Every structure is written in structure tokens, then in C-alpha cells.
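# Breakdown of the fold
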Amino acid sequence: MDATSATGVLHPYWPRDLLIPTYVANDRSMSEILVFLFSVSGVFLLVTWLITGQNGTTGRLGAWRRLAVCWFAVCGFIHCVIEGWFSLYYDIIPGDQSFLSQLWKEYSKGDSRYVIADNFTVCMETVTAWLWGPFSFWAVYAFLTKKSYRFVLQLIISLGQLYGAVLYFYTEHRDGYAHSELGHPVYFWFYFVFMNVLWIIIPLVLIVDAWRQLSAAQTHTDNTKSKRK
């Protein structure tokens, strides 16, 4: 249900007395917004999967590595486009009816920090958009061309994503989950928890993978040097 703030403006966000004087309700439905998000993400995933399955001059990537590259492609889209939009227009999103602004107003039902330009959220999303976004596309290129630094990129990006996600959850925990309807099956569990916990689980797996790959490379280098002595 919508709530009326002290300024008389109806909005669906928590806490109920939140002041959002410029808020304008979406004219796009939740289904339209989610279909767009998952459809475009799916296209990035599918195209990347097909590209990584081709036998190029560097050989074909294995299934696990192809999935990892697909992850970075989807991250590049989400970080650069979706989060990039927020980092540029966070101050006008509550009253703006552009499609991506409406996407953020819909997501904010699970975390209203995005419609009040919360300082942490703006800073975190800006770093994510302009650093981890381009780096994610760079990682896709690095794996497709088998650059020697590809696992260094994987480690850096994954550490950055993990750090941001942990702070994202921890700051809201410190606020007592005041910016969402705690326990709501869609807004809390799907929007806030599920759509963000992916950036904890998957980066953790990729950090371990990069650690193993870099350790193996260093071991090989050390052994090669030992044999030359």
C-alpha cells in the first residue's frame, strides 16, 4: 500500500514517513520492468555463451570458464547501463519517468535508499558503474583472447563486487532494515536479498578460482626458475 508522507505525497516506500516531495508514481508495470531487465541480461548471456563456444585461434573455453565470462558480460551491462544511470541521475529519479528511472523506483520498493539519494548508495553505485562495469567488459575481452592478466582482472573485479555487496547489506543491517518491508516475498526477499546476494556468492567462487589459477602460475614460474639454477 502507498503511504502519505508529511508533504502529502503518496509513495510506496519504507519507512512510511519518508519524505519524497518530488515523487511521481510509475506508469510502467512491475512485469514490464522485470521483463526488460531479465530479457536484456539473457541476451548478453546467450550471445556471450555462443561466442565463447566457438573454436578460435586461442582454442575453445570450457563450460565453467564460459559461464564465468557470461557472468562478466552481464555484470558489464548491469554495472554500466543500469547502475550507471543511477550514478548520473540519482537526484531526479523520484520524479523522472524515463524507463531506467522507473526501474530504479520499482527496485526502491525493496530498498528506498535509492529514491532518497543516500550517500553510501550513491558512492557505492558510482564506483561500481564506472570501475567494475568497464573492467567487466575488459575481463570478457581478456578471456576471449587469453590475455595473461585475465585472472588478475577476475580477482580485482570480484573483490570489488564482494566488498561493495557486503557493505550494502551491512549498512542496511545497521539501519535495522528500515528501508524495506521486512519479510515481504517480492520487495525484501527477491529485490533486496536475492538480487544482491548473487554479488556475494558468485564473486566468492571467482575469487577462489582466481586464487588457484594465479597460485598455479606462480608455482610453475618458481619451479621453472629452480630448474634453471
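Residues numbered from 1 in each chain as written. Predicted model: local features only at pLDDT ≥ 70, side-chain atom pairs only at ≥ 80, totals over all residues. Heavy atoms only, no water.

## What about the nonpolar core?
Residues Phe72, Ile82, Trp104, Tyr114 and Tyr168 are the most contacted members of the largest nonpolar core, which totals 42 residues. Those elements that provide at least two residues to this core are helix H1 (30-52), helix H2 (63-89), helix H3 (99-107), helix H4 (119-144), helix H5 (150-174) and helix H6 (187-228). Among the elements that take part in this core, H2 stands out by supplying 11 residues, more than any other. In terms of nonpolar packing, the next biggest core, distinct from the first, is built from 5 residues, Tyr13, Leu18, Ile20 and Tyr23 among them. (Core = buried A, V, L, I, M, F, W, Y, C linked by side-chain atoms within 4.5 Å. Buried < 20%, exposed > 50% of the residue type's maximum accessible area, 1.4 Å probe, protein only. Helix = DSSP H or I, 4+ residues; strand = E, 2+ residues; numbered from the N terminus.)

## What about the packing of aromatic side chains?
For the structure on display, the rule yields 30 aromatic pairs. Judged by centre distance (5.6 Å) and plane angle (55°), the ring pair of tyrosine 187 and tyrosine 191 falls under tilted. Of this pair, tyrosine 187 and tyrosine 191 both sit in helix H6, separated by 4 residues, roughly a single helical turn. Residue tyrosine 191 is classed as buried on the basis of its relative accessible area of 2%. (Phe/Tyr/Trp six-rings, centres within 6.5 Å; stacked < 30°, edge-to-face > 60°.)

## Looking at the side chain of asparagine 196
Along the chain, asparagine 196 turns up in helix H6. On the accessibility criterion, asparagine 196 (15% relative accessible area) is buried. Of the polar contacts made by the side chain of asparagine 196, one reaches the backbone oxygen of tyrosine 191; its length is 3.3 Å. Residues contacting asparagine 196, with those up to four places away along its chain left out, are Tyr107, Ala165, Tyr168, Phe169 and Tyr191. (Polar contact = N/O pair within 3.5 Å; in protein donor to acceptor, adjacent residues only side chain to side chain. Contact = heavy atoms within 4.5 Å.)

Limitation: the analysis is restricted to geometry and does not speak to function.
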